[in-house]
2 protein chains.
Amino acid sequence: MKTSQESLWLENQLCFPLYAVSRMVTKLYTPFLEKLDITYPQYLVLLVLWKEDQITVSDISEQLYLESNTLTPLLKRMEKKELICRERSKEDERKVVIALTRKGQELQKEAECVPTSIIEQFKSDDVKANEVVELKLTLNKLLNMFDRKLSEKTV
Amino acid sequence: MKTSQESLWLENQLCFPLYAVSRMVTKLYTPFLEKLDITYPQYLVLLVLWKEDQITVSDISEQLYLESNTLTPLLKRMEKKELICRERSKEDERKVVIALTRKGQELQKEAECVPTSIIEQFKSDDVKANEVVELKLTLNKLLNMFDRKLSEKTV
DNA sequence: TGTGATTATATCGTGTACGATGTAAAATTC
DNA sequence: GAATTTTACATCGTACACGATATAATCACA
């Protein structure tokens, strides 16, 4: 049984390795994304748009769990780089439709090598492939759980 | 076998749930930390200091994997809140020693309930306790691996 | 049909993160 | 022991995150 003091040790926390690994993985992407002149959150937006183009800000918001206060400035920066277009919907003037430009579409080909390059760096003697698979499964379960909790609170 | 297109789908990425869950867990802490008038990274600094007081900025940097460009302003804000003292070391004028104030020490008692409150929220029908343990183990392995890689590059 | 509630996005302020660079003290080298 | 290198922090600029709030368009319904 852990004492209440011990429960406050950094090495006993789950949250800390989650926070630290997340930042380190983002750093892994940086050299690859720099070549494409994009940041990691911008890459995530592109992943969403490459799957489905011409979607609203709130569609992106739902998929990435980022609010408009984060997305609006981020999307404006992507517009300035001419990766996307932002346009008010005709049917519903509240909505803003995000569409890939030619440049944004063409970036997909250049990005196709990124995922395997990253996975490569996860391989090591200590961390087996099946552990990484388990990690991803558990994280996705947690994500869905937190997602449900959030929507329950709104209702 | 995944196509190169499919490898760019958000749901096939490992990095994304890592990034999203990390942010969500930080949000879980917010209501608890707000009562203590601290942020999540400030809480991490306190965790380090509660274990070992009177350490240098680079000691904290090593444990949290945060550089001085992040820590210096963060520690200054904590100094303004009178949680810590920042003082140049007499032996080595380059070093800055961080020490808890009385207020910073006393905050520990109030924080002791936080870890269990958070763990409580991880429990769910979908995510079993042993999965959370596995998650933590794998994340720590990855953290150590990336840590080694970083130090190799410096050498 | 008007009017209050809801929705979709934007703005503002604060606090991280982090690459690049600066600076002064200490260590190393010649 | 002076010059060079390294170390320990600090500063600067840019880009997220996010709580709180604003605003305009749409919806709901009395």
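Residues numbered from 1 in each chain as written. Chains lettered and ligands numbered in written order. Predicted model: local features only at pLDDT ≥ 70, side-chain atom pairs only at ≥ 80, totals over all residues. Heavy atoms only, no water.

Student: Explain helix H1 (residues 15-35) of chain A to me, please; I cannot follow it from the model alone.
Tutor: Owing to its 3.6 residues per turn, the α-helix brings residues three or four apart onto one side. All names here are of chain A. With 21 residues, H1 extends 32 Å from end C-alpha to end C-alpha; this agrees with the ideal 30 Å at 1.5 Å per step. Tyr29 marks where H1 bends most, by close to 35 degrees; the proline Pro31 follows one to four residues later. Two residues or fewer past H1, Asp37 is found with a positive phi of approximately 60 degrees. (Helix = DSSP H or I, 4+ residues; strand = E, 2+ residues; numbered from the N terminus. Expected span 1.5 Å × (residues − 1). Bend = angle between axes of the 7 residues up to and from the residue.)

Student: Just checking my understanding: could you explain the interface of chain B and chain A for this structure?
Tutor: Taken residue by residue, the interface counts 60 residues in chain B and 60 residues in chain A. Overall, the association of chain B and chain A removes approximately 6400 Å² of surface from exposure, summing both partners, and the carbon and sulfur fraction of that is 69%. Considering only the surface of chain B that becomes buried against chain A, Leu8, Leu14 and Met24 of chain B emerge as the three largest contributors, covering 11% of it. At the junction of chain B with chain A, the criterion picks out four salt bridges. A salt bridge links Arg148 of chain A to Asp126 of chain B, with the nearest nitrogen and oxygen atoms 3.1 Å apart. Our enumeration of links across chain B and chain A arrives at twelve residue pairs in polar contact (both at pLDDT 80 or more). Those elements that provide at least two residues to the side of chain B that touches chain A are helix H1 (15-35), helix H2 (40-51), helix H3 (57-64), helix H5 (102-111), helix H6 (114-122) and helix H7 (129-154) of chain B. At 15 residues, the largest contribution of residues to the side of chain B that touches chain A is made by H7 of chain B. (Contact = heavy atoms within 4.5 Å. Buried area = accessible area lost by both parts, 1.4 Å probe. Salt bridge = Lys/Arg side-chain N within 4 Å of Asp/Glu carboxyl O. Polar contact = N/O pair within 3.5 Å; in protein donor to acceptor, adjacent residues only side chain to side chain.)

Student: Any chance you could explain the sheet that holds strand S1 (residues 55-56) of chain B here in plain terms?
Tutor: Strand pairing in a sheet takes place through backbone hydrogen bonds and is either antiparallel or parallel in direction. The antiparallel open sheet is built from three strands, whose spatial order is S1-S3-S2 (chain B). Two strands in the sheet have a free side with no partner beyond their single neighbour: S1 and strand S2 (84-88) of chain B. (Pairing = 2+ DSSP bridges.)

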